[in-house]
Amino acid sequence: SFLQVPASGAPNLGTADFTVEAWFKTDTLGIRWDLFDWKDSMGAQGSLRNDLAIYYNGARILAYAAVEDYTKSEVGLTLTGTGVWHHVALARRGNFLDVLLDTTMTSTSYPGKVNPAGPFRIGSNRANSGTSESGASYPFKGVVSDVRIYSRALSLVEFKANQRMASVPPTGLLRRWKLSEATG
């Protein structure tokens, strides 16, 4: 199952700094799954426009972003172990896209804007079916907790301090989904 936040409930990130972070515990390695996905409809020649995601490709956690001119950036870190809580974040810091996993960070250049007009989906990738809001692919295998979107790039120090599910001061906190309910 997955959580889908309608486009009307998702913030406009534009060209400003931002962070999307979550905690997860996976049951499965070796196959693709998506932690979150936020995209527009398909663009020209099947290319995605304004797509932002964190996913696992069978070996690495990857942060992916594509912009209106179909330029894309992707950066990743190796993920090992099932049944263990991990802290992950994707952040835009100026012209860089950072992915943080537990205590490690890596970056790539990313000069585009991030303004997906579609829904924000946690635990799945919206199926690439034109403008359809239905369908899911690459479902997440495990538990996701406390997904947050900030209107600023968290520093590595803040990210590390927040690693044990502590609370970063809510400066710039735009949205939060605790996902800690036992049902529903």
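Undergrad: Help me understand the overall build of the protein chain, please; the structure alone is not making it clear to me.
TA: Counting its regular elements, the protein chain contains one helix and 14 strands. Residue pairs at least 24 apart in sequence account for 62% of intrachain contacts in the protein chain once pairs closer than 6 positions are excluded.

Undergrad: Quick question: what am I supposed to make of the environment of Leu174 here?
TA: Assignment of secondary structure puts Leu174 in strand 14 (residues 173-177). Judged by its relative accessible area of 33%, Leu174 falls in the partly exposed class. Put simply, Leu174 and Val20 are 154 residues apart on the chain and 9.9 Å apart in space, counted from C-alpha to C-alpha. The residues contacting Leu174, other than those within four sequence positions of it, are Pro11, Leu13, Ile149, Tyr150 and Ser151.

Undergrad: So what exactly am I meant to see when it comes to the pattern of salt bridges here?
TA: Opposite charge on two side chains permits them to pair, given that their charged atoms come into close proximity. Using the criterion set out here, one finds six salt bridges in the structure. Of the charged contacts, one joins Asp98 and Arg93 as a salt bridge, the two residues approaching to 2.9 Å between their closest N and O atoms. Look at Asp98 and you get buried, because its relative accessible area is 1%. Relative accessible area serves as the criterion here: at 28%, Arg93 is assigned to the partly exposed category. Between Arg152 and Glu158 there is a salt bridge, and its shortest N-O distance comes to 3.0 Å. The network of salt bridges with common partners includes Glu21, Asp146, Arg148 and Arg176.

Undergrad: I'm lost on the side chain of Asp102 in this one. Help?
TA: Inspection of the secondary structure assignment puts Asp102 in the loop between strand 8 (96-101) and strand 9 (104-109). At a separation of 2.7 Å, a polar atom in the side chain of Asp102 contacts the side chain of His86. When near neighbours in sequence (up to four residues on either side) are disregarded, Asp102 contacts Trp85, His86, His87, Phe159 and Gln163.

Undergrad: What's the story with the nonpolar core in this structure? I'm lost.
TA: Soluble globular proteins: nonpolar side chains tend toward being buried together. Formed by 33 residues in total, the largest nonpolar core has its most connected members in Phe24, Trp33, Leu35, Ile61, Leu90 and Phe120. Filtering out sequence-adjacent residues up to four positions away, Ile61 remains in contact with Phe24, Trp33, Ile54, Tyr55, Tyr56, Val75, Gly76, Leu77, Leu79, Val88, Val99 and Leu101.

Undergrad: What should I look at first to understand unusual backbone geometry in this one?
TA: Glycine aside, a negative phi is what most residues show, and trans is what most peptide bonds show. The phi dihedral of Asp146 is positive, around 50 degrees, even though this residue is not glycine. Given a relative accessible area of 7%, Asp146 falls into the buried group.

Definitions and limits used
- Residues numbered from 1 in each chain as written.
- Predicted model: local features only at pLDDT ≥ 70, side-chain atom pairs only at ≥ 80, totals over all residues.
- Heavy atoms only, no water.
- Helix = DSSP H or I, 4+ residues; strand = E, 2+ residues; numbered from the N terminus.
- Contact = heavy atoms within 4.5 Å.
- Buried < 20%, exposed > 50% of the residue type's maximum accessible area, 1.4 Å probe, protein only.
- Salt bridge = Lys/Arg side-chain N within 4 Å of Asp/Glu carboxyl O.
- Polar contact = N/O pair within 3.5 Å; in protein donor to acceptor, adjacent residues only side chain to side chain.
- Core = buried A, V, L, I, M, F, W, Y, C linked by side-chain atoms within 4.5 Å.

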